[in-house]
Amino acid sequence: MIKHIFKKEWFNPLFYYILHYLQDNDIREIYVYGGSSSAKTHSILQALMIDGYYRNYSTLVYRKEQTAIKTTVKNECKAIIENLNLTQYQEFDFEFRYNEQKLQFKGIDKEGKIKGLKGFRKLFFDEIDQFKVEEFNQAKLRLRGEENQQLLFSWNPISSKHWLKGYL
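What counts, and where the lines are drawn
- Residues numbered from 1 in each chain as written.
- Predicted model: local features only at pLDDT ≥ 70, side-chain atom pairs only at ≥ 80, totals over all residues.
- Heavy atoms only, no water.
- Pairing = 2+ DSSP bridges.
- Helix = DSSP H or I, 4+ residues; strand = E, 2+ residues; numbered from the N terminus.
- Axes fitted to C-alpha atoms, helices over the stretch in contact; angles between N-to-C directions.
- Parallel < 35°, antiparallel > 145°, perpendicular 65-115°, else oblique.
- Left-handed = near helix turned anticlockwise from the far one by under 90°.
- Contact = heavy atoms within 4.5 Å.
- Nonpolar A, V, L, I, M, F, W, Y, C, P; charged D, E, K, R; others polar.
- Buried < 20%, exposed > 50% of the residue type's maximum accessible area, 1.4 Å probe, protein only.
- pLDDT = per-residue confidence, 0-100.
- Expected span 1.5 Å × (residues − 1).
- Arc of directions from axis to C-beta.
- Right-handed = clockwise from strand over helix to strand, strands pointing away.

Peer 1: Would you mind going over the sheet that holds strand β4 (residues 95-98) with me for this structure?
Peer 2: Working definition: the strands of a sheet are paired by backbone hydrogen bonds and lie parallel or antiparallel to each other. Strands sit in the order β1-β7-β6-β2-β5-β4-β3 across an open sheet of seven strands; the sheet is mixed. In this open sheet, the two edge strands, each paired with only one partner strand, are β1 (29-33) and β3 (90-92). The sheet shows a mean angle of 15° between the axes of neighbouring strands, taken without regard to direction.

Peer 1: How do you make sense of the packing of helix α1 (residues 13-22) against helix α2 (residues 40-55) when you look at a structure like this?
Peer 2: A packed helix pair is summarised by two numbers, namely the angle formed by the two axes and the spacing between the axes. At their nearest, the axes of α1 and α2 sit 9 Å apart, and the two run at 40° to each other. One finds that α1 runs oblique with respect to α2. At the point where α1 passes α2, the crossing takes the right-handed sense. Touching L14, F15, I18, L19 and L22 of α1 are K40, S43, I44, Q46, A47, L48, I50, D51 and R55, all from α2. In terms of residue class, the contact of α1 with α2 is made up of nine nonpolar, two polar and three charged.

Peer 1: What's the story with the environment of F11 in this structure? I'm lost.
Peer 2: Tracing the chain through its elements places F11 in the segment before α1. Take F11: its relative accessible area is 9%, and that puts it in the buried class. Remark: the alpha-carbon pair of F11 and S43, spanning 32 residues in sequence, is separated by 7.3 Å. Ignoring any residue separated from it by four or fewer positions in sequence, one finds F11 in contact with F6, Y16, Q46, I50 and L84.

Peer 1: Explain the confidence of the model for the chain here, please?
Peer 2: Confidence along the chain averages 89 in pLDDT terms, with 96% of residues attaining 70 or more. Mean pLDDT values for the elements of the chain range from 87 in helix α4 (residues 133-142) up to 96 in α1.

Peer 1: Help me understand helix α3 (residues 73-84), please; the structure alone is not making it clear to me.
Peer 2: Structural remark: α-helix, 3.6 residues per turn; residues separated by three or four positions point the same way. Here α3 contains twelve residues, and its C-alpha end-to-end distance of 16 Å stays within 8% of the 16 Å for a straight helix at 1.5 Å per residue. Buried within α3 are the following residues: V73, K74, C77, I80, I81 and L84. The buried residues of α3 occupy an angular sector of 115° when the element is viewed end-on, so they sit on one face. In this structure, α3 carries E82 and N83 as exposed residues pointing more than 90 degrees from its buried face. Of the surrounding elements, those touching the buried residues of α3 are α2, β2 (58-63), β3, β4, β5 (101-107) and β6 (120-126).

Peer 1: Sorry, what's going on with α4 here?
Peer 2: Taken together, the buried positions of α4 are E135, F136, Q138 and A139. The arc that holds the buried residues of α4, viewed along the axis, is 165°, so those residues lie on one side. Where the residues of α4 are buried, they touch β1, β6 and β7 (150-155).

Peer 1: Can you walk me through the pairing of β6 in this structure?
Peer 2: If a strand is regular, its side chains alternate between the two faces of the sheet. Counting buried residues along β6, seven of its seven residues qualify, which places the element largely inside the surrounding structure. With five bridges joining them, β6 and β7 adopt parallel strand pairing. Paired with F125 across the strands is F153, a residue of β7. Of the crossover connections in this fold, the one passing from β6 over α4 to the parallel β7 is right-handed.

See below:
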């Protein structure tokens, strides 16, 4: 396994909170709320990529629309790999591989697409406010069977009438 030296200033303070919570087996769900351009997605992906590499697990990253993946979360991962010199990551169409594990990207059109979670320890829903409550509930039900499985959710400010407000 390649060892890295990271400088503290390369990370947003949010990164350190997320990394801490990823390593706490008693925490099942991590919610990250904030304004646009507040580095939520970037910090979460940094933490998942570094923690996943060193603790050897796979992560599934969801966006509502498959077509947005390559210009959003996948692009963000490519920038992180370049900035942090994470040369052990190999790029494929909708995933990066490392240590026989992967960081995979999927879009969801309907709740039935939240399947095939075996082997994934973390699920990250970028912009959960774009998803339906049924998709949110399916993810919470289906992620099971492995130690330290967690769900991460990020979103921007939403209406007080949005379904997500009932879960907070």
